[in-house]
Amino acid sequence: QVYDRALTDAVIDAASRALRRPRQPVLEDFGHYLVSHPHLEPLRRLLRFSGSTYADFLSGLEDLRDRACLAVPDLDLPDLTLIEEGSDSFSLRCTAPIADAGHVYLGLLRAMADDYGALVFLDHLGLQDGAEVIAIRLVAAHHGEGRRFDLSPRVA
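Residues numbered from 1 in each chain as written. Predicted model: local features only at pLDDT ≥ 70, side-chain atom pairs only at ≥ 80, totals over all residues. Heavy atoms only, no water.

Please explain the packing of helix α3 (residues 41-48) against helix α6 (residues 102-116) as it appears in this structure.
Between α3 and α6, the least distance of the axes is 12 Å, while the angle of their chain directions is 75°. Regarding the angle of α3 to α6, the classification is roughly perpendicular. Listed contacts from α6 to R44, L47 and R48 of α3 are L108, M112, D115 and Y116. (Axes fitted to C-alpha atoms, helices over the stretch in contact; angles between N-to-C directions. Helix = DSSP H or I, 4+ residues; strand = E, 2+ residues; numbered from the N terminus. Parallel < 35°, antiparallel > 145°, perpendicular 65-115°, else oblique. Contact = heavy atoms within 4.5 Å.)

Written out as structure tokens, the structure reads:
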């Protein structure tokens, strides 16, 4: 559903007060939750369709908004721009109307690294030229065992 931005900010701030945690870590936890909770498996599947490696996943982030709108036309995701800084270094620019939305993506990126079994260093660099920037360094593409993923969902 679509909610007024002021209401969204109020809910985030209320959660932050109730949990006695700053806003940014609460949003990062939310991003992690979106990928890791079993009830949200369709979102994980949507993200995993970018490819079989974490680098493929990163390359597909710019198309995430369009893919998500196919499933949920009213969804208003932030604009994402991935910039390759080096062979294993990237920066992700996140432009969103809600303050600190980049922290949701920080949590999502961490959870997806675990999902792929990749070792990454992530750092939220703050606001630069109107966009939140996340530095991404892919240390090892196959650091550990990732979660199982099949193109077709399992039938019970």
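Once the structure has been displayed, the description carries forward.
How do you make sense of the layout of surface pockets when you look at a structure like this?
Once rolled over the atoms, a probe with the size of a water molecule shows which space is left empty. The space that makes up the largest pocket amounts to roughly 1400 Å³. Lining the largest pocket are 38 residues; nearest its centre among them are F30, L34, L75, D76 and L77. Within the residue set of the lining of the largest pocket, elements represented by two or more residues are α1 (5-19), α2 (23-36), α3, α5 (64-71) and α6. Of the residues that constitute the lining of the largest pocket, the class distribution is 30 nonpolar, three polar and five charged. (1 Å grid on protein atoms, 1.4 Å probe; cavity = no way out; pocket = protein on both sides within 12 Å on 5 of 7 lines; lining within 4 Å. Points joined across faces, edges and corners; volume = space filled by probe spheres on them. Nonpolar A, V, L, I, M, F, W, Y, C, P; charged D, E, K, R; others polar.)

Where do I start with the pairing of strand β2 (residues 89-95) in this structure?
Across six bridges, strand β1 (residues 79-84) lies against β2 in antiparallel orientation. Across the sheet, residue D79 finds its bridge partner in β2, namely T95. Sheet analysis places β2 next to strand β4 (residues 131-140), joined by six bridges and oriented antiparallel. Note that in β4 the partner of S89 across the bridge is R137. (Pairing = 2+ DSSP bridges.)

Sorry if this is basic, but what is going on with the environment of P42 here?
When you line up the elements, P42 lands in helix α3. You can call P42 exposed: its relative accessible area is 59%. (Buried < 20%, exposed > 50% of the residue type's maximum accessible area, 1.4 Å probe, protein only.)

Any chance you could explain the pairing of strand β3 (residues 119-128) here in plain terms?
Strand residues, when the strand is regular, have side chains that alternate between the two faces of the sheet. Pairing of β3 with β4 involves nine bridges; the strand directions are antiparallel. When the bridges of β4 are listed, H124 appears paired with I134. Linkage of β3 to β4, two consecutive antiparallel strands, is achieved through a turn of two residues, within which D129 is found at a positive phi near 50°.

For this particular structure, what's the right way to read the environment of E132?
Structurally, E132 is set in strand β4. When the C-alpha atoms of E132 and T95 are compared, they prove to be 6.4 Å apart, with 37 residues separating the residues in sequence. Excluding anything up to four places from it in sequence, E132 contacts L92, R93, C94, I98, A99, D100, A101, G102, H103, H124, G126 and L127. Engagement of the side chain of E132 in a polar contact is seen with the backbone nitrogen of D100, the distance being 3.4 Å. One polar contact links the side chain of E132 to the main-chain amide nitrogen of G102, over a distance of 2.9 Å. (Polar contact = N/O pair within 3.5 Å; in protein donor to acceptor, adjacent residues only side chain to side chain.)

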